[in-house]
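Here is how the chains run, residue by residue.
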Amino acid sequence: MKPAAVLLPLLLLLSAGTPVHVRGTKSIIALYGETIVVPCNDGATPPSDLMFIKWKYEKEGDSPGDLLIKHPNGGPATVQATDSYARRVSSDDKYSLHITQASLKDQRIFTCMVVSGSNLEEYPVSVVVHKEPSSVEIMDKPQALQKDKLATVGTCVATDANPAATVTWKKNGKPLVGDGKAVMIIPSLKLDPATGLSTNSSTLQYVATKDDVGAVFSCVSTHEQSNKEISLEPFPVHYPSETVTLQIMSNGPIKEGDNVTLKCLADGNPPPSSFFFHVKGKKTLVENSDTYTLNAINREAAGEYKCSLADNEKVEASQKIVVSYLDLSLSPTGRVVKTVGDALSVKMEENSSGSPRVSWTKNGKPVKKPEIRNLTFADAGVYMCEVSTIHLTQRASFELVVEGKPVITSLTKRRTGDVKVLTCEAEGVPEPIFQWSINITNVKNSSYNNGKAIHKITVVPTVNLTVTCIVSNKLGEDVRTINVSSVIKEENRNREDSQDQTALIVGIILALIIAAVVGGLGYWLYMKKRQGTWKTGEEVGTSEESKKLEETNHNV
């Protein structure tokens, strides 16, 4: 439709005195880069006698600019704009104005003019374009913070926003407020002349303390469209050492001969890497390490040790080292050879840093300190002296060998089956040699232990013998004899003894049988005599006769 055709109805309305009703200005918010939708009369249904709707806008200097006209016949709108809006504006079925690719230049008043047969209404709409920050980031971050020194924690930048984003700082989740001393917050706002977008930045300067170790600083960007918070990793807080500590690296009390390591620790951050170690009046610089080792320490090295900072020797620490020691001297030692009857004297000396406890063992069993005037073979053995304190133990020993000519302690015989076992036991050192006065048919057993020797032989004597056991070593000999009867004669004697016993038993049995027969016969005669008396009517015998008869029967 030509502009003249549109203006004619409008001129007729104005000439007829129809008033123009201008409604209050409404506001809408559009998003940067997207399509702006401006409703006409909040999207209300147009009047029934609608002729057309026209959209216009305010140019710079408040001069109007035409955008488009749309008729109620449902056809497309007629674009009247000749500037950049010509290819960006359109209208929908509800007569709303559409503007593509919204920018800050679109922040102005757009007016919807509703022209009907009886009225002319204008509905102005103010458009505000919002844009959230393109990015929020923290720049100029330091590697560490220095204690008691004002340092930049970072610069938080919220880029290209409209309206400008608000930037604030937090520490451990709590807002930071600049005080001009320990907390300095420096804001900055820049406007892009090409786009009109704002970049807001905020620089935080902070005086750190030891308490800020592990503190988390964060930047908060606040905008109508979005909020964003960015946190920094905790900064190390550097500060000089104020105190040092000297440690004695040992698993337990220090003993003579141990390697002892001294460790110097400072409370600074970062910790210092060089120290002075003061060892027995001598100062030694140790670089790139905090330890110093004393090799094979001895009792003379006990005393006070110090360490200090290499750059400030006034900051020092000290520790006292106590060295435990224990000396043991024993006489005699090694292998000691004595003779039976000799005396044994033992000398033990100890020197220690504590209160020692002394104990003795012989062949592993507790004994008293050996002081013997008259040695016997039983005194031989390994003697050990043990001296101990709380932390140390020393041992020394000697082996006592008691020599002497052998002495036979026992010579016995025992029959086993058809043989006789002879056992000769003796004491003597060195080990004695056994000899017998007969030919040995079989050595049953032989042993030697702790100066005691046992020698067993088996013999089958056919005649009675006198057997001699001879034991000897380099110091002398001993002899003992024993009588051994013949095995055959013992068997004959046993057989004769068995026959005699049999004859004795047979005689006893015969005697018992004869006594029983005689007793029975006497009883029979007595009873027969009594029967004759009953037949003649004679009186029975007196009571004395009855008693005699009973005694006779009892004896039988």
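Before going further, it helps to spend a moment on the overall build of the chain. Within the chain, the secondary structure is distributed over three helices and 42 strands. The buried share of the chain, reckoned over its 556 residues, is 34%. In the chain, of all internal contacts separated by at least 6 residues, the share reaching a separation of at least 24 is 59%. By element, 51% of the accessible surface of the chain is carried by carbon and sulfur atoms, the whole surface being about 32,800 Å².

Moving on: the packing of aromatic side chains. Between two aromatic rings, the relevant description is the distance of the centres plus the angle of the planes. Evaluated as defined, the whole model comprises seven aromatic pairs. An angle of 90° between the planes, with centres 6.0 Å apart, marks the rings of Tyr85 and Phe110 as edge-to-face. Of this pair, Tyr85 sits in the loop between strand 6 (78–79) and strand 7 (89–91) while Phe110 is found in strand 9 (residues 109–116), placing the two residues 25 residues apart along the sequence. Assigned by exposure class, Tyr85 and Phe110 land together as buried. Plain terms: the ring middles of Tyr383 and Phe398 are 5.3 Å apart, the flat faces sit at 15° to each other, and that makes the pair stacked. Within this pair, whereas Tyr383 is found in strand 35 (residues 381–388), its partner Phe398 is found in strand 36 (residues 393–416), the two being separated by 15 residues in sequence. The exposure classification of Tyr383 matches that of Phe398, with both residues buried. Here a set of aromatic residues connected by ring pairs shows up, and it is made of Tyr57, Tyr85 and Phe110.

Moving on to the sheet that holds strand 28 (residues 316–321). One open sheet accounts for four strands, arranged 25-24-27-28; its pairing is antiparallel. Across the chains shown, the open sheet's two edge strands, defined by having one partner strand only, are strand 25 (282–287) and strand 28. Taking the axes of each pair of neighbouring strands and ignoring which way they run, one obtains an average angle of 20° across the sheet. Of the strand pairs in this sheet, strand 24 (residues 274–279) and strand 25 are connected by six bridges, and their pairing is antiparallel.

Let us now look at the state of the cysteines. If you walk through the whole model with that rule in mind, you get four disulfides. The side chain of Cys40 participates in a disulfide bridge whose partner is Cys112; the two sulfur atoms lie 1.9 Å from each other. On the sign convention where negative means left-handed, the S-S torsion of about -70° between Cys40 and Cys112 marks this disulfide as left-handed. In this pair, Cys40 sits in the loop between strand 3 (36–38) and strand 4 (50–58) while Cys112 sits in strand 9, placing the two residues 72 residues apart along the sequence. The residues Cys40 and Cys112 share a single accessibility class, namely buried. With its bonded cysteines labelled in order along the sequence, the chain shows the pairing 1-2, 3-4, 5-6, 7-8.

This next bit is on the nonpolar core. If you look at the biggest cluster of nonpolar residues, it comprises 27 residues, and the most contacted ones within it are Ile36, Val38, Trp55, Leu67, Leu97 and Phe110. For this core, the secondary structure elements donating two or more residues are strand 2 (26–31), strand 3, strand 4, strand 5 (64–70), strand 8 (97–99), strand 9 and strand 10 (120–130). Each residue touching Ile36, except ones within four places of it in the same chain, is listed here: Ile28, Ala30, Leu97, His98, Ile99, Ala102, Asp106, Val127 and Val129. Core analysis: the next-biggest nonpolar cluster, separate from the first, contains 23 residues, Val167, Ile230, Phe235 and Val237 among them.

Over the atoms rolls a probe the size of a water molecule, and its path tells where empty space is left. When its volume is computed, the largest pocket comes out at roughly 290 Å³. Taken together, 18 residues form the lining of the largest pocket, with Phe377, Ala380, Gly381, Asn450 and Gly451 sitting closest to its centre. Broken down by secondary-structure element, the contributors of at least two residues to the lining of the largest pocket are strand 35, strand 36 and strand 37 (419–429). Here the lining of the largest pocket gets four residues from one element, more than from any other, and that element is strand 36. Among the residues making up the lining of the largest pocket, the classes are represented as nine nonpolar, four polar and five charged.

Taken together, the nine bridges between strand 16 (residues 183–191) and strand 17 (residues 198–207) define a ladder with antiparallel strand orientation. Note that in strand 17 the partner of Leu189 across the bridge is Asn200. Counting the residues that bridge the hairpin from strand 16 to strand 17 gives six residues, and of these Gly196 lies at a positive phi of roughly 80°.

A separate point is the environment of Tyr448. Along the chain, Tyr448 turns up in strand 39 (residues 442–449). Residue Tyr448 is classed as partly exposed on the basis of its relative accessible area, which comes to 29%. Taking C-alpha positions, Tyr448 is 9.4 Å from Ala426, a pair spaced 22 residues apart along the chain. Leave out the neighbours within four places in its chain, and Tyr448 touches Gly428, Val429, Pro430, Glu431, Pro432 and Ala453. For Tyr448, the side chain forms a polar contact with the main-chain oxygen of Gly428, separated by 2.7 Å.

Here we take up the sheet that holds strand 23 (residues 260–266). Spatial strand order, 21-23-26: three strands in an open sheet with antiparallel pairing. The sheet is open, and its two borders are formed by strand 21 (244–249) and strand 26 (291–294), each paired with just one other strand. Averaged over all adjacent pairs, the angle separating strand axes in this sheet is 20°, with direction ignored. Where strand 23 meets strand 26, four bridges bridge the pair, whose relative direction is antiparallel. Counted as the bridge partner of Leu262 is Tyr292 from strand 26.

Rules behind the numbers
- Residues numbered from 1 in each chain as written.
- Predicted model: local features only at pLDDT ≥ 70, side-chain atom pairs only at ≥ 80, totals over all residues.
- Heavy atoms only, no water.
- Helix = DSSP H or I, 4+ residues; strand = E, 2+ residues; numbered from the N terminus.
- Buried < 20%, exposed > 50% of the residue type's maximum accessible area, 1.4 Å probe, protein only.
- Contact = heavy atoms within 4.5 Å.
- Areas by Shrake-Rupley, 256 points an atom, 1.4 Å probe, with all protein chains shown as cover.
- Phe/Tyr/Trp six-rings, centres within 6.5 Å; stacked < 30°, edge-to-face > 60°.
- Pairing = 2+ DSSP bridges.
- Axes fitted to C-alpha atoms, helices over the stretch in contact; angles between N-to-C directions.
- Disulfide = S-S within 2.5 Å.
- Core = buried A, V, L, I, M, F, W, Y, C linked by side-chain atoms within 4.5 Å.
- 1 Å grid on protein atoms, 1.4 Å probe; cavity = no way out; pocket = protein on both sides within 12 Å on 5 of 7 lines; lining within 4 Å.
- Points joined across faces, edges and corners; volume = space filled by probe spheres on them.
- Nonpolar A, V, L, I, M, F, W, Y, C, P; charged D, E, K, R; others polar.
- Polar contact = N/O pair within 3.5 Å; in protein donor to acceptor, adjacent residues only side chain to side chain.

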